[in-house]
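# Examination of the molecular architecture
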Amino acid sequence: MKEINIVYLSLGTNLGNKVLNLKKIIKAFEDDPQIEILKKSSVFETSPVGGIEQDNFYNMVIKICTTYSPNELLKVIHLIEKQLKRIRNIRWGPRTADIDMLTFNNQEISTSCLKIPHPEMLNRLFVLKPLLEITHSAFYSYEKLKQAEKKILQNDDQKIINKGALK
Ligand SMILES: Nc1ncnc2c1ncn2[C@@H]1O[C@H](COP(=O)(O)OP(=O)(O)OP(=O)(O)O)[C@@H](O)[C@H]1O
Ligand SMILES: Nc1nc2c(c(=O)[nH]1)N=C(CO)CN2
């Protein structure tokens, strides 16, 4: 029997029809027999983080259960990003689909192609807000996640607007 893993994923898009892009990503996960979506956050419109001038993003977080291993899931993610015609060019630049693995069970992974928990997750309001909407802890405790959120709200100018559920 294959192990069932609980994974939180951050979804983002800032090119083309952003709502449609999120729907396509969700559909791709739904169509995979080894993945079940357990929870979806609201969609958030967020200002770009990382210093590159670009359009606002639409971001959300989903909780899935899967029988894939971390590396298998990373391959699936890359395939979905490819299906949405994501071209890998500028780091932190515009993209039709950006899917980050935030956490994988409570595991810590640090290889050349996969870092779990995602190294930037505590610095990104576009991750923390939707994540805290659907869970109280994911690798980190609730206190740690809330503290990280508070720090960003006090020190950074990351804009975020809740656009409601993906319809
Ligand atoms: N937790 C993770 N989730 C997704 N990709 C990861 C993760 N850890 C490492 N990677 C690696 O990062 C590579 C580059 O990913 P990507 O192009 O999405 O980065 P980015 O979106 O520009 O930056 P960031 O990862 O900070 O969001 C991927 O090919 C993947 O191998
Ligand atoms: N608001 C926002 N900013 C970003 C995002 C994103 O999804 N949302 N993704 C990035 C690269 O992963 C870089 N900056």
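Each remark here, short or long, concerns the structure printed above.
What comes next concerns the included structure. Quick caveat, the model's predicted, so the values are computed rather than measured.

Turning to the pattern of salt bridges, a few remarks are in order. Applying the stated rule across the entire model yields eight salt bridges. Glu45 is the salt-bridge partner of Lys163, the closest N and O atoms lying 3.5 Å from each other. A residue pair is termed long-range when its members are at least 10 positions apart, and Lys163 in strand β8 (residues 160–164) and Glu45 in strand β3 (residues 43–46) qualify at 118 residues. Owing to a relative accessible area of 43%, Lys163 belongs among the partly exposed residues under this scheme. Exposure remark for Glu45: the relative accessible area of 18% places this residue in the buried category. The partner of Arg124 in a salt bridge is Asp100, and the shortest N-O contact between them spans 3.6 Å. Of this pair, Arg124 sits in the loop between β7 (115–116) and α3 (125–134) while Asp100 sits in strand β5 (residues 98–104), and the two are 24 residues apart along the sequence. Look at Arg124 and you get buried, because its relative accessible area is 8%. With a relative accessible area of 15%, Asp100 lands in the buried category.

What follows covers the site of ligand 2. Around ligand 2 there are 12 residues in total, and Thr46, Ser47, Val49, Asn59 and Asp98 lie nearest to it. Within the backbone of Ser47, one N or O atom sits 2.8 Å away from a nitrogen atom of ligand 2. The separation between an oxygen atom of ligand 2 and a polar side-chain atom of Asn59 is 2.8 Å. In the complex, the protein chains occlude 98% of the 340 Å² of accessible area that ligand 2 would expose alone. Of all the secondary-structure elements, those providing two or more residues to the shell around ligand 2 are β4 (57–66) and β5. In terms of residue class, the shell around ligand 2 is built from five nonpolar, three polar and four charged.

With that out of the way, let us pick up the nonpolar core. Leu9, Leu11, Ile25, Phe29, Ile62, Leu73 and Met101 are the most contacted members of the largest nonpolar core, which totals 29 residues. Of all elements in the fold, only β1 (5–13), α1 (18–30), β2 (35–40), β4, α2 (70–83) and β5 reach the threshold of two or more residues within this core. One finds Leu125, Leu128, Leu145 and Ala148 within the second-largest nonpolar core, a separate group that totals 17 residues.

It is worth spelling out the environment of Glu149 at this point. Mapped onto the secondary structure, Glu149 falls in helix α4 (residues 142–155). Residues Glu149 and Leu74, 75 residues apart in the sequence, show an inter-C-alpha distance of 26 Å. Setting aside chain neighbours within four positions, we find Glu149 in contact with Leu125, Leu128, Lys129 and Leu132. Here the side chain of Glu149 touches Lys146 through a polar contact of 2.9 Å, side chain to side chain.

What counts, and where the lines are drawn
Residues numbered from 1 in each chain as written. Chains lettered and ligands numbered in written order. Predicted model: local features only at pLDDT ≥ 70, side-chain atom pairs only at ≥ 80, totals over all residues. Heavy atoms only, no water. Salt bridge = Lys/Arg side-chain N within 4 Å of Asp/Glu carboxyl O. Helix = DSSP H or I, 4+ residues; strand = E, 2+ residues; numbered from the N terminus. Buried < 20%, exposed > 50% of the residue type's maximum accessible area, 1.4 Å probe, protein only. Near = heavy atom within 4 Å. Polar contact = N/O pair within 3.5 Å; in protein donor to acceptor, adjacent residues only side chain to side chain. Areas by Shrake-Rupley, 256 points an atom, 1.4 Å probe, with all protein chains shown as cover. Nonpolar A, V, L, I, M, F, W, Y, C, P; charged D, E, K, R; others polar. Core = buried A, V, L, I, M, F, W, Y, C linked by side-chain atoms within 4.5 Å. Contact = heavy atoms within 4.5 Å.

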